[in-house]
Amino acid sequence: MQNRLRLFGEIVDSEMLLNQAGEYAQTCWLEILKHFPNVNLHEFVIMPNHIHGIIEIVGAKNFLPSNVNTSRDYPQNKAKDISPLHGTSKTIGSIVRGFKIGVTKWCRHHTDIYNVWQRNYYEHIIRDFNDYGRIVDYIQDNPSNWPQDDLFF
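Residues numbered from 1 in each chain as written. Predicted model: local features only at pLDDT ≥ 70, side-chain atom pairs only at ≥ 80, totals over all residues. Heavy atoms only, no water.

*Asks:* Any chance you could explain the overall build of the protein chain here in plain terms?
*Replies:* Broken down by element type, the protein chain carries 4 helices and 4 strands. Sequence-ordered secondary structure for the protein chain, helices as α and strands as β, is β-β-α-α-β-β-α-α. Expressed as a percentage of its 153 residues, the buried residues of the protein chain come to 39%. As displayed, the protein chain offers around 9600 Å² of accessible surface, 50% of which is attributable to carbon and sulfur atoms. (Helix = DSSP H or I, 4+ residues; strand = E, 2+ residues; numbered from the N terminus. Buried < 20%, exposed > 50% of the residue type's maximum accessible area, 1.4 Å probe, protein only. Areas by Shrake-Rupley, 256 points an atom, 1.4 Å probe, with all protein chains shown as cover.)

*Asks:* Just checking my understanding: could you explain unusual backbone geometry for this structure?
*Replies:* Trans peptide bonds make up most of the peptide bonds, and negative phi angles are found at most residues other than glycine. Of note, Ser14 is a non-glycine position whose phi angle comes to about 65°, a positive value. As for its position among the elements, Ser14 is in the loop between strand 1 (9-12) and strand 2 (15-18). For Ser14, a relative accessible area of 44% puts it in the partly exposed group. Non-glycine residue Asn120 carries a positive phi angle of around 75°. Within the secondary structure layout, Asn120 lies in the loop between helix 3 (92-110) and helix 4 (129-141).

*Asks:* Explain the packing of aromatic side chains to me, please; I cannot follow it from the model alone.
*Replies:* Any two aromatic rings considered together are summarised by their centre-to-centre distance and by the angle between their planes. Per the counting criterion, the structure on display carries 6 aromatic pairs. Plain terms: the ring middles of Phe8 and Trp117 are 5.6 Å apart, the flat faces sit at 45° to each other, and that makes the pair tilted. Of this pair, Phe8 sits in the segment before strand 1 while Trp117 sits in the loop between helix 3 and helix 4, placing them 109 residues apart in sequence. For the pair formed by Phe8 and Trp117, the shared burial category is buried. A ring pair is formed by Phe99 and Trp117, whose centres lie 5.7 Å apart and whose planes are at 50°; its orientation type is tilted. Placement of Phe99 in helix 3 and of Trp117 in the loop between helix 3 and helix 4 is noted, with a sequence separation of 18 residues between them. (Phe/Tyr/Trp six-rings, centres within 6.5 Å; stacked < 30°, edge-to-face > 60°.)

*Asks:* Any chance you could explain the pattern of salt bridges here in plain terms?
*Replies:* Side-chain pairs of opposite charge can arise whenever the charged atoms involved come near each other. This model, assessed by the stated rule, comprises 3 salt bridges. Between Glu10 and Arg6 there is a salt bridge, with the nearest N and O atoms lying 3.4 Å from each other. Arg6 sits in the partly exposed class, given a relative accessible area of 29%. (Salt bridge = Lys/Arg side-chain N within 4 Å of Asp/Glu carboxyl O.)

*Asks:* I tried to follow the confidence of the model for the protein chain on my own but got confused; where do I start?
*Replies:* Keep in mind that low pLDDT regions are not for reading the predicted coordinates in detail. For the protein chain, the average pLDDT comes to 81, and 74% of its residues sit at 70 or higher. The low-confidence segment residues 65-87, where pLDDT is below 50, has 46 contacts with residues more than four positions distant or belonging to other chains. (pLDDT = per-residue confidence, 0-100. Contact = heavy atoms within 4.5 Å.)

Right, dumping it as structure tokens:
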């Protein structure tokens, strides 16, 4: 979030209470599925000034380093090693860009905030089920850990 503004709501008693902008951000997040049929959305949370979410690109080619064990058995609809597909319309960048554009347009039309997002985003490739579980826990616990968050301000 640009300048760490609490644009999407507030956390009260460890629960995220979305305002209109937060509700619209949530709607845009869920509508990723309409625009990117090759995607599964997993755990996510809208925070006062940022969002965390797991995006799985279905059918992505597995481009793992040669020293990584590729014989893992992944549970159905759980984390998989993901990598962008060829072409710009099926990449994590295009998915995040589309989400940010949708939220930005709404904010510019309904608020006095013009610059909604900081430049770029953080991404992490989930390598195995343990990594997936750790990240899901982090996302679920994020509202209760808000006072200790680097973006709390």
